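Examination of the molecular architecture
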Amino acid sequence: MENRSYVGDDGSATGNHGQQSVKTTTNSNGVKPTSAVADEKPVREKWGRNVEFLMSCIALSVGFGNVWRFPYTAYSNGGGAFVIPYLIVLFVIGRPIYYLEMVLGQFSNRGCVKVYDLAPAMRGIGVGQTIAIFTVITYYTSVLAVTLRYLIASFSPELPWARCDPAWDNCVDSWLIGNISIGGVNVTQPKSSAELFFDKTVMHSADSLAQGLGYPDWKLVLCLLASWLCIVGILIKGIKSSGKVSYFLAIFPYIIIAVLLVRSLTLDGAWNGIKYFFMPQWSKLLEIEVWYQAVTQCFFSLTICFGGLIVYSSFNDFSNNIYRHAVIITSLDTVTSLVAGCVVFGVIGHLAHVTEQPDISKVVRDGPGLTFKTYPDVLAKFSFLPQFFSVLFFFMLFLLGIGTLIGIVTSVITAIHDQQPRLRRWKIVISVAVAGFCVGLVYLTPGGLYVLDLMDYYGATFATLTLAVFELLTFAWIYGVNRVCKDIEFMLGIRTGLFWRVCWGIVTPIMVILILLVSIAKYKARDVPDGYTALGWCLYAFAVLQLPGWALYAMLKRRGPTWWDSWKAALRPLEDWGPEDGERRANYIAWIAQYCQQLASPSDNLLVKMRKKLFS
């Protein structure tokens, strides 16, 4: 095991083999957790300061989704009216889950897999989420590589996408100002050089996967390698080094956003674009699709149910005020999305103005197209320092991507290290990086964007939503909302209000279940060969089937007289569940045992037990 000393909650240095002698206590099941207390585990590494945790969470939650996903999602789902369901979803789903994951991570000092020591039969949720996270990492770094490719290209004397390559047919230079459309129904409209630069020069995009994936561009391979080297360099020394970098990763993008906002607001036609972005379409509020989009946007914008928040919180001091952090970060994430929308649609409004296009919707693109086609097209039309603003924009994107990746890669590293603490951290970091780099090469091939969309849906979005349902049911009903609230009381000395109890136990799980059902009802196979679709379903199954697999393993480890006894035993917290510090854990076990004895009543019917789960 790596010989390393960390600073404990009391400020003293504790080595890997440090032990604390405390009295043993009998828990509610009559078990004396002597070994759990006496054989003290290494004290978990901690953030240098609380503000490092705050900055790291901001960098984790504020990413690509705020810049390219939120503006388009808001525009296409009611414009200004979309803000209403989004804010409602933020308050009843986003913030409660954010706070809940922070609470359990900090209380237990465990990662996204070990946190399920509260119900070992459900540990497969954490394992499945780790698989989904790794899938996200592989394609997220590939998008980061493309961003780095554009960042480097922005330093050219002239933006390379400003003019058409002679080999490109039906192309018009992006630096030109004016209407480029051609009249006629059957006339093929020309494409901007910025769009063709992305398709033909950067990605060498294929029309379909019928001819296979192809080979990645060597420049993108080098950019992917550089991206991973940045991540490894930040994570190689542990959470303390990444905490120091978080100041830059969290703050500097906002400086760039402020500069870009000022510039976008001064462009001709910018206010028309912003007005179009916020123009409310009230009829959209009655469509289930809008609420579905609001929930999924909130989910992936805040990075909830991915495990990253649990991991980051697990490195906190036990008494850190995470309620305040949860409110700050979720509010800041929403404000950032709205400001980014103003920046993006200000630029889009300018593009519509200079191209003499009265319909702004015809210049709006979704996802990567917004970032790597529409935005570069506008930058090429800038008469004042286009290279400078191009560098600012893509550097901002690169920092946002790095900040998010640091968090989700940390969750994978922590999940592995918690299971195999004898492995040195640097070996795990390098192994994850090598695996992520090799898989990431697939997305940089001519057919890579098709595979990216496939993996994002099956391996990330669909799998995460499915596992999120079981995560919420585990925390709220198997472990119990009442038990979570008692843990908060023991940890922070505050009582949890009715709002949080109702959200955790009723509103949030029901809404997430509904979103999953809508996602299933809306399912439509991607336009790819059947073999790729089968691969997507296999990845989904591999992540989700971890749940029954680990449940069976937990039952076999806690075998009772009947299968029902084994199942109940596998749903009880482990003997060493609780705070990391041995003395504090012993006090907690005695305190919670007394509470459980007062709460227990053999005569309770099902409704009474459910009420106690929520409100006792």
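Remember, it's a predicted structure, so these values are computed and weren't measured experimentally. (Residues numbered from 1 in each chain as written. Predicted model: local features only at pLDDT ≥ 70, side-chain atom pairs only at ≥ 80, totals over all residues. Heavy atoms only, no water.)

1. Examining the overall build of the chain
Across its full length, the chain holds 22 helices and 4 strands. Every one of the 616 residues in the chain was classed for burial, and the buried ones make up 57%. The contacts of the chain with a sequence gap of at least 6 include a subset with a gap of at least 24, amounting to 82%. Of the roughly 25300 Å² of accessible surface on the chain, 62% is carried by carbon and sulfur atoms. (Helix = DSSP H or I, 4+ residues; strand = E, 2+ residues; numbered from the N terminus. Buried < 20%, exposed > 50% of the residue type's maximum accessible area, 1.4 Å probe, protein only. Contact = heavy atoms within 4.5 Å. Areas by Shrake-Rupley, 256 points an atom, 1.4 Å probe, with all protein chains shown as cover.)

2. Here we look at the confidence of the model for the chain
When pLDDT drops low, the exact placement of atoms in the prediction is not to be read closely. Taken residue by residue, the chain gives an average pLDDT of 85. The fraction at 70 or more is 90%. Predicted confidence for residues 1–39 stays below pLDDT 50, and this span has 69 contacts to residues more than four positions away or in other chains. (pLDDT = per-residue confidence, 0-100.)

3. Remarks on a nonpolar patch on the surface
A cluster of nonpolar side chains, Phe470, Leu473, Ile506, Ile510, Ile513, Leu514, Leu517 and Ile520, forms an exposed patch at the surface whose accessible area comes to about 640 Å². When contributions to the nonpolar patch are tallied by element, the ones reaching two or more residues are α16 (448–492) and α17 (498–521). Ranked by residues supplied to the nonpolar patch, first place goes to α17 with 6 residues. Note on placement: Leu473 falls in helix α16. For Leu473, a relative accessible area of 30% puts it in the partly exposed group. (Patch = residues over 30% accessible without salt bridge, like charges linked within 9 Å, V, L, I, M, F, W, Y side chains within 5 Å. Salt bridge = Lys/Arg side-chain N within 4 Å of Asp/Glu carboxyl O.)

4. Structural notes on the nonpolar core
Membership of the largest hydrophobic core comes to 190 residues, with the highest contact counts inside it found for Tyr98, Val146, Tyr150, Trp161, Phe299, Phe394 and Trp504. A per-element tally of this core places α16 first, with 23 residues. Setting aside its immediate chain neighbours within four residues, Phe299 contacts Ile93, Ile97, Ile304, Cys305, Leu465, Ala468 and Val512. (Core = buried A, V, L, I, M, F, W, Y, C linked by side-chain atoms within 4.5 Å.)

5. Digging into the pattern of salt bridges
The full count for this structure, using the stated rule, is 13 salt bridges. Where salt bridges share partners, they join Arg110, Lys114, Asp117, Arg123 and Asp576 into one cluster.

6. Quick look at helix α21 (residues 582–599)
Along its 18 residues, α21 runs 25 Å from first to last C-alpha, staying within 8% of the 26 Å computed at 1.5 Å per residue. Along α21, the residues classified as buried are Gly582, Arg585, Ala586, Tyr588, Ile589, Ile592, Ala593 and Tyr595. (Expected span 1.5 Å × (residues − 1).)

7. Some details on unusual backbone geometry
Positioned with a positive phi, His204 is a non-glycine residue whose angle comes to about 50 degrees. In this structure, His204 sits in the loop between α6 (193–202) and α7 (218–235). The phi torsion at Leu385 lies on the positive side, around 45 degrees, for a residue other than glycine. Tracing the sequence through the fold places Leu385 in the loop between α13 (368–379) and α14 (386–419). On the basis of relative accessibility, which here comes to 43%, the residue Leu385 falls in the partly exposed class.

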